[in-house]
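# A look at the structure
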Amino acid sequence: MVLNYIWIAFFIIAFVIALVKLVFWGDFEVFPAMMDSTFSSSKTAFEISLGLTGVLSLWLGIMKIGEKGGVVNVLARLLSPVFVKLFPDIPKGHPVTGSIFMNIAANMLGLDNAATPLGLKAMEQLQDLNTKKDTASNPMIMFLVLNTSGLTLIPISILVYRAQLGAAQPTDIFIPILLATFFSTLAGIIITSLFQKINLLNRTMLLTLGGAALVVAAVIWGFGQLDSMLMNKVSTSTANILLMTIIIAFILAGVKKKVNVYDAFIEGAKDGFTTAVRIIPYLVAILVGIGVFRASGAMDMLINGIEWTVASVGGNTDFVGALPTALMKPLSGSGARGMMVDAMTTYGADSFVGRLSCIFQGSTDTTFYILAVYFGSVGIVKTRHAVACGLLADLAGIIAAIFIAYLFFC
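A brief look at the structure comes next.

Calculation notes
Residues numbered from 1 in each chain as written. Predicted model: local features only at pLDDT ≥ 70, side-chain atom pairs only at ≥ 80, totals over all residues. Heavy atoms only, no water. Helix = DSSP H or I, 4+ residues; strand = E, 2+ residues; numbered from the N terminus. Buried < 20%, exposed > 50% of the residue type's maximum accessible area, 1.4 Å probe, protein only. Contact = heavy atoms within 4.5 Å. Lys, Arg positive; Asp, Glu negative; His and termini not counted. Salt bridge = Lys/Arg side-chain N within 4 Å of Asp/Glu carboxyl O. 1 Å grid on protein atoms, 1.4 Å probe; cavity = no way out; pocket = protein on both sides within 12 Å on 5 of 7 lines; lining within 4 Å. Points joined across faces, edges and corners; volume = space filled by probe spheres on them. Axes fitted to C-alpha atoms, helices over the stretch in contact; angles between N-to-C directions. Parallel < 35°, antiparallel > 145°, perpendicular 65-115°, else oblique. Left-handed = near helix turned anticlockwise from the far one by under 90°. Nonpolar A, V, L, I, M, F, W, Y, C, P; charged D, E, K, R; others polar. Core = buried A, V, L, I, M, F, W, Y, C linked by side-chain atoms within 4.5 Å.

## Side note on the side chain of Thr135
Along the polypeptide, Thr135 turns up in the loop between helix H5 (112-129) and helix H6 (138-148). Judged by its relative accessible area of 13%, Thr135 is buried. Residue contacts for Thr135: discarding those within four places in its chain leaves Asn130, Ile380, Lys382 and Arg384.

Dropping the structure here:
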């Protein structure tokens, strides 16, 4: 229901702004630009789905081998103490906890291509437990917020963009991104727990969250000892080695259980193809709405309004130039990436705005894209508090990113 209102708002706001620009400023290009955006966005949505088909088939095939080989059940048992607290509506030891863990681990390593199909598999299993098939359950929302808050330990793609655009030290935003994304994820967990009346003040959760904080601190310290070239190599190698290790471990587990791993892979791969086709309408809807909103100039007006407001109360407006990346990130990952590159190109990769745009890009994930794909894949229509929790986690990440950027680079 919330997505319905947001989608309608995109079009109405865009139309009103375009009409004002045409009548009062004589801008005859705005409506053609909006129409061009609808066609290009729908094409982009289909291309994304098409690109996902192979990746989904691959990873859901691997997951099926792991499921039949017992790996997912082992992960579920190991994670039960934590997941019972964080996802109280999931039965203890249910296989979905293993799928959720695999998805979160892939996200933390920056393995987007692996994270999406693993997340869709987890959402499908959560839907099996859901008693109201058109309404998001509490575990679905908590899982979705963990994805939208975007906890990433290795933001390798951002480091590569900085290197390509001439940053003297491409990795100087590594620690700020880790801090910002950690605060975003922590805020997402707390906010969602408040909505769902989950008590986090227990020994298990305090030890888990405290342990996570220590792990983040250790990663920050460890990578801080490396030079930029070595950091990039270690980050890339670590992610790829772990990914290949997971594939081999799943296959060996299947062999040990005397599973026909080839047939199991084909069975899972078929599900991947079906899922990729099923999400096309949802992607077209959300990307067309976002595209029209951007093409009308609404995003530019929003940025200018924020700058005027901050300046009128005597605030520092240095951060405003990077805001397009922050505001675009919940809507479109590729759009936010373009805004980040544009900021570094316009202001310089080593400028405050250039660095802050990179921190924004790495601090959260594409909330509306994830909502559309994950919920759309299982037919969820009523999202309940998912949008509110996801956007509040995004806001926490944006605020944290601004303060951390001022702390590190001013």
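There's more to say after this.
## Here's the deal with the side chain of Lys329
Position of Lys329 relative to the elements: it lies in the loop between helix H14 (323-328) and helix H15 (333-347). Among buried charged residues, Lys329 stands out as having no salt bridge; its nearest opposite-charge side chain is Asp365, 4.8 Å away. In contact with Lys329, not counting residues within four places along its chain, are Ala336, Phe360, Gln361, Thr364, Asp365, Thr366 and Thr367.

## Digging into H6
Of all the 11 residues making up H6, 11 are buried; the element is thus mostly covered by neighbouring parts of the structure. When H6 is considered as a whole, its buried residues turn out to be Asn138, Pro139, Met140, Ile141, Met142, Phe143, Leu144, Val145, Leu146, Asn147 and Thr148.

## What to know about empty space enclosed by the protein
Across all of its chains, the model carries one cavity of 30 Å³ or more by this definition. Here the largest cavity is characterised by a volume of approximately 40 Å³. Around the largest cavity, the lining residues are Ser80, Phe83, Val84, Phe87, Ile90, Pro91, Lys92, Gly93 and Thr97. Examining the composition of the lining of the largest cavity, we find that three residues originate from one element, helix H3 (residues 71-86), more than from any other.

## What about the packing of helix H4 (residues 96-108) against H6?
Across the interface, H4 lies against H6 with an axial gap of 10 Å and an inter-helix angle of 15°. As far as their axial angle goes, H6 and H4 are roughly parallel. The two elements H4 and H6 cross, and the hand of that crossing is left-handed. Contact residues: Ile100, Asn103, Ile104 and Asn107 in H4; Phe143, Leu146 and Asn147 in H6. Here the contact of H4 with H6 is built from residues that sort into four nonpolar, three polar and no charged.

## Some thoughts on the nonpolar core
Of all hydrophobic cores here, the largest spans 56 residues; its most connected members are Leu86, Phe87, Ile100, Met123, Phe143, Tyr374 and Phe375. When residues of this core are assigned to their parent elements, the largest contribution, eight residues, is made by helix H17 (residues 367-377). What Phe87 contacts, discounting residues up to four positions off in sequence, is Ile100, Pro139, Met142, Phe143 and Leu146.

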